[in-house]
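For reference, the chains in residue letters:
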Amino acid sequence: MIELPEATVIARQMSAELAGRRIAEGNRGNSTHKFAFCSGTPEEYEAILKGAVVGEAKGHGSAILVPIEPDHVLVLGGGGESILYHHSTRTFPKKTHLMLRFERDTYLTVTVQGWGNVLLLPQATAGSHRHVAAEKIAPLSDGFTWEYFRGLFEALDEGSSKSIKGFLISEPGVWGIGNGCLQDILYQAKIHPKRRVVDIAEDEQRTLYDAIVDTLSQMVELGGRESERDLYGNRGRYVRILDSKTQSRPCPECGTPIEKTQYLGGAVYFCPSCQAQ
Ligand SMILES: [Zn+2]
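Report on the accompanying structure. Please read all numbers here as calculations on a predicted model, not as lab measurements.

Parameters at a glance
Residues numbered from 1 in each chain as written. Predicted model: local features only at pLDDT ≥ 70, side-chain atom pairs only at ≥ 80, totals over all residues. Heavy atoms only, no water. Phe/Tyr/Trp six-rings, centres within 6.5 Å; stacked < 30°, edge-to-face > 60°. Helix = DSSP H or I, 4+ residues; strand = E, 2+ residues; numbered from the N terminus. Lys NZ or Arg CZ within 6 Å of the ring centre and 35° of its normal. Patch = residues over 30% accessible without salt bridge, like charges linked within 9 Å, V, L, I, M, F, W, Y side chains within 5 Å. Areas by Shrake-Rupley, 256 points an atom, 1.4 Å probe, with all protein chains shown as cover. Salt bridge = Lys/Arg side-chain N within 4 Å of Asp/Glu carboxyl O. Buried < 20%, exposed > 50% of the residue type's maximum accessible area, 1.4 Å probe, protein only. Pairing = 2+ DSSP bridges. Donors = N, O, S within 2.8 Å, 3.2 Å for Na, K, Ca; no water. Tetrahedral: all angles 85-135°; square planar, octahedral: opposite > 155°, others 65-115°. Arc of directions from axis to C-beta. Contact = heavy atoms within 4.5 Å. Axes fitted to C-alpha atoms, helices over the stretch in contact; angles between N-to-C directions.

## Some points on the packing of aromatic side chains
Here is step 1: Under the definition given, this model contains 11 aromatic pairs.
Here is step 2: Note on Phe-92 and Tyr-107: the rings are 5.3 Å apart at their centroids and 85 degrees apart in plane angle, and the pair reads as edge-to-face. Placement of Phe-92 in the loop between strand S7 (81-86) and strand S8 (98-102) and of Tyr-107 in strand S9 (residues 107-112) is noted, with a sequence separation of 15 residues between them.
Here is step 3: Taken together, the aromatic side chains of Phe-144, Trp-146, Tyr-148, Phe-149, Phe-153, Phe-167 and Tyr-209 make up a single cluster linked through ring pairs.
Here is step 4: The positively charged end of Arg-28 is found above the aromatic ring belonging to Tyr-45, 5.8 Å away from the centroid.

As structure tokens, then:
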């Protein structure tokens, strides 16, 4: 799943490789998929893409926004999109849900695993789409300050039963963090995923803020997480501290076996000693 680190890395690569390139032809790929979210018919995609020019791609949270000039934007990311650049059709994946052929015959393909976005939206209204949410402030952007983050806690009802996992990854949440990045962030902050947000003291909030910024920065610097691939099919180099492979293994800090439990629609991993509930 593409989360903020991968969206940032892939957007940078797309920008460097594709900005200014003209699309000779483009379409919705060779396969359909109920959960490959599109915003128009195959004919509309072909008409918009043909002859359009790619602008500077940008990451916004877990979304990748690619201007398709003059007046559209391609929205990828946030789900299980495999986004690949090709010098030949020979390296195409078997199934594609978006295909762009550029002049001088290089290609971009997008294949959606699970669910994901291949939206082609008018630039004028794209920002209000719920998978774009232009008004949200994502970590590593200028607006994501300690004051902003502290404000999210202050806005919460005193009697709220929301857990820190729910607080970070669901509405309004921290834009761009999903279940994949969450585990190491909470581990670094020494906070159990099920702890109630209202019980988290201000010094812990600050530690959590630093853990979000530090962990995501490291993931970006290392080209994304090891479980994910970039525009060229290369795996990221960030090896997660907590994931399915580390269950029952000793915590790197204290040696207690790492535990796993299903919680809020996904597995959470934690050290029961470092991250007491
Ligand atoms: Zn531990």
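## Looking at a nonpolar patch on the surface
Here is step 1: A grouping of Met-1, Phe-35 and Trp-115 is seen on the molecular surface, where their side chains present a nonpolar patch of about 290 Å² in accessible area.
Here is step 2: On the secondary structure map, Met-1 appears in the segment before helix H1 (4-18).
Here is step 3: The partly exposed category is assigned to Met-1, whose relative accessible area is 43%.

## Observations concerning the pairing of S8
Here is step 1: Here S8 lies mainly inside the structure; 4 of its 5 residues are buried.
Here is step 2: Relative to S8, strand S1 (residues 23-27) is paired through 4 bridges, and the arrangement is antiparallel. Of the residues in S8, the one forming a bridge with Ile-23 is Phe-102.
Here is step 3: Hairpin connection of S8 to S9: 4 residues between the antiparallel strands, including Arg-104 at a positive phi of 70 degrees.

## Digging into the coordination of the zinc ion
Here is step 1: For the zinc ion, the full set of protein donor atoms is Cys-251 (SG), Cys-254 (SG), Cys-271 (SG) and Cys-274 (SG), at a range of 2.3 Å.
Here is step 2: What the 4 donor atoms of the zinc ion show is an angle range of 101 to 114 degrees at the metal, which sorts the shape as tetrahedral.

## Examining helix H4 (residues 146-154)
Here is step 1: Of the residues making up H4, those classed as buried are Trp-146, Phe-149, Leu-152 and Phe-153. One face of H4 carries all of its buried residues, which in axial projection span an arc of 120 degrees. Of the exposed residues in H4, those oriented more than 90 degrees away from the buried face are Glu-147 and Glu-154.
Here is step 2: Contacts made by the buried residues of H4 are with helix H5 (164-169) and helix H7 (202-221).

## Structural notes on unusual backbone geometry
Here is step 1: Going from Glu-69 to Pro-70, the amide bond is cis rather than trans, its omega being 20 degrees.
Here is step 2: Note on placement: Pro-70 falls in the loop between strand S5 (63-69) and strand S6 (72-77).
Here is step 3: Even without being glycine, Ala-133 reaches a positive phi, approximately 45 degrees.
Here is step 4: Its location among the elements puts Ala-133 in the loop between helix H3 (123-126) and H4.
Here is step 5: The class for Ala-133 is buried, based on a relative accessible area of 5%.
Here is step 6: One non-glycine residue, Lys-190, lies in positive phi territory at about 60 degrees.
Here is step 7: Relative to the helices and strands, Lys-190 resides in the loop between helix H6 (179-189) and H7.

## Some thoughts on the sheet that holds S7
Here is step 1: With antiparallel pairing, 4 strands are arranged side by side in an open sheet as S1-S8-S9-S7. Each edge of the open sheet carries a strand with a single partner, namely S1 and S7. Between one strand axis and the next, the sheet turns by 10 degrees as a mean value, whatever way the strands run.
Here is step 2: Strands in contact with H1 are S7, S8 and S9; relative to S7, the strand with the most contacts, it is inclined by about 25 degrees.
Here is step 3: Relative to S1, helix H2 (residues 42-49) is tilted by about 165 degrees, and along the sheet it contacts S1 and S8.

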